[in-house]
Amino acid sequence: MVNEKNNRISKEKYFMKIAEVVSERSTCIKRKVGALLVADDHIISTGYNGAPPGFKHCTKKTCLRQHLKSGERPELCRGVHAEINCVIQAAIHGTSIKGETILYTTTFPCTSCLKLLINAGIKKIVYKEDYNMENEVKQNLLKESHLIIQKM
């Protein structure tokens, strides 16, 4: 995705690389996810998954889901998802995400986060890795929404 004329990477690749760096801040021992919200080609917030600020991070001794399948028993997880943290950070800092806001994320959102993003008015999701894409509820939400989905 390098532009031949000026030897620069595309904006999509640029923002995804930043999401990958953001994921390195994750405190989850199972899956590290990074996300950012972009409006008018400017980053308005970032988020990664992990315990709320001031709470103990999960460890191999304390993670209640470490031996469960991916997505199984999400209510046992004390972590906040990267996409939710993005929306929270925008709200805390008084930054509107209304309009043509794009979410760049290393992993496609879970069903709960997808509902939140639709409700928040996100227009496009650009992602790197699939997550639970065969979920019928998720597929129906995507069909009914006006979200633009792009896998990198």
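Thresholds applied
Residues numbered from 1 in each chain as written. Predicted model: local features only at pLDDT ≥ 70, side-chain atom pairs only at ≥ 80, totals over all residues. Heavy atoms only, no water. Core = buried A, V, L, I, M, F, W, Y, C linked by side-chain atoms within 4.5 Å. Buried < 20%, exposed > 50% of the residue type's maximum accessible area, 1.4 Å probe, protein only. Helix = DSSP H or I, 4+ residues; strand = E, 2+ residues; numbered from the N terminus. Contact = heavy atoms within 4.5 Å. Salt bridge = Lys/Arg side-chain N within 4 Å of Asp/Glu carboxyl O.

*Asks:* I would appreciate a short explanation of the nonpolar core in the present structure.
*Replies:* Note on soluble globular proteins: their nonpolar side chains tend to be buried together. Counting residues in hydrophobic clusters, the biggest one holds 18 residues, and the most contacted among them are Leu 37, Leu 103, Phe 108, Ile 122 and Ile 125. When contributions to this core are tallied by element, the ones reaching two or more residues are β1 (34-39), α2 (82-92), α3 (111-120) and β4 (124-129). When residues of this core are assigned to their parent elements, the largest contribution, 4 residues, is made by α2. When near neighbours in sequence (up to four residues on either side) are disregarded, Leu 37 contacts His 42, Ile 43, Ile 44, Ser 45, Cys 86, Val 87, Ile 97, Thr 101, Ile 102, Leu 103 and Ile 122. Counting 8 residues, the second-largest nonpolar core is a separate cluster that includes Phe 15, Met 16, Leu 36 and Val 38.

*Asks:* Mind showing me how you'd approach the pattern of salt bridges here?
*Replies:* Two side chains carrying opposite charge are able to pair once their charged atoms lie near each other. Following the criterion strictly, the structure yields 4 salt bridges and no others. Note that Arg 73 is salt-bridged to Glu 75, the shortest N-O span being 2.5 Å. What makes Glu 75 exposed here is its relative accessible area of 54%. For Asp 130, the salt bridge goes to Lys 151, with nearest N and O atoms at 3.2 Å. Of this pair, Asp 130 sits in the loop between β4 and α4 (136-144) while Lys 151 sits in strand β5 (residues 148-151); the two residues are 21 residues apart in sequence, bridging distant segments of the chain. Looking at Asp 130, the relative accessible area reads 40%, which means it is partly exposed.

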